[in-house]
Amino acid sequence: MADELSGFRKRIDACDAQIIRLINDRLKICLEVGEYKSAQGIAVKDEAREGEVIARILDGNEGPCPPEVLEQIYRILIDTAVRLEEE
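Residues numbered from 1 in each chain as written. Predicted model: local features only at pLDDT ≥ 70, side-chain atom pairs only at ≥ 80, totals over all residues. Heavy atoms only, no water.

Peer 1: Would you take a moment to explain the overall build of the protein for this structure?
Peer 2: When helices and strands are tallied, the protein shows three helices and zero strands. Reading the protein from its N terminus to its C terminus gives the helix and strand order α-α-α. The C-alpha radius of gyration of the protein comes to 17 Å, more than 25% above the 12 Å expected for a compact globule of 87 residues. If you line up the protein on its principal axes, its C-alpha atoms span 60 × 25 × 15 Å. Residues counted as buried form 20% of the 87 residues belonging to the protein. By sequence separation, contacts in the protein at least 24 residues apart represent 59% of the contacts at least 6 residues apart. Side chains of the protein give 12 positive and 19 negative charges; the mean places of these two sets differ by 4 Å. (Helix = DSSP H or I, 4+ residues; strand = E, 2+ residues; numbered from the N terminus. Rg over C-alpha atoms; globule rule 2.2 N^0.38 Å. Buried < 20%, exposed > 50% of the residue type's maximum accessible area, 1.4 Å probe, protein only. Contact = heavy atoms within 4.5 Å. Lys, Arg positive; Asp, Glu negative; His and termini not counted. Charge placed at Lys NZ, Arg CZ, Asp CG, Glu CD.)

The following block contains the structure:
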């Protein structure tokens, strides 16, 4: 039983490592977007785009993550990206 649990935990750890890498990759791209917007004189905050992202994510969610949790996660990601872009 301990070996089986250890196997599950290793799989979770591997997923966590991927999630962290992907979050940071996403934020690096957002920083590039922020530089581009700044050079073009475009506002960083784009509520229409944020709504599109959330809608696309929720539409593609096949579970088991509840939609409201996924939305919270993405709102945090978006808010973080906007904050980084504005710095």
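Moving on from the model shown.
Peer 1: I tried to follow the side chain of E85 on my own but got confused; where do I start?
Peer 2: Relative to the assigned elements, E85 resides in helix 3 (residues 67–86). Here E85 is in contact with C30, L31, V33, G34, K37 and V44, once residues within four sequence places are set aside.

Peer 1: Is there a simple way to explain the pattern of salt bridges in this structure?
Peer 2: Two side chains of opposite charge can pair, provided their charged atoms sit close to one another. Tallied over the entire structure, the rule returns four salt bridges. The shortest N-O distance in the salt bridge between R21 and D25 comes to 3.3 Å. Highlighted residues: R21 and D25, both in helix 1 (residues 2–40), separated by four residues, approximately one helical turn. A relative accessible area of 45% means that R21 is categorised as partly exposed. For D25, a relative accessible area of 31% translates into the label partly exposed. One salt bridge in this structure joins E52 and R49, with 4.0 Å as the shortest N-O distance. Taken together, the positions of E52 and R49, both in helix 2 (residues 47–60) and three residues apart, correspond to about one turn of that helix. Owing to a relative accessible area of 49%, E52 belongs among the partly exposed residues under this scheme. (Salt bridge = Lys/Arg side-chain N within 4 Å of Asp/Glu carboxyl O.)

Peer 1: Please explain the environment of A81 as it appears in this structure.
Peer 2: Inspection of the secondary structure puts A81 in helix 3. For the pair A81 and I29, spaced 52 residues apart in the sequence, the C-alpha separation amounts to 9.2 Å. Once you skip the residues sitting within four places of it in the chain, A81 turns out to touch L27 and C30.

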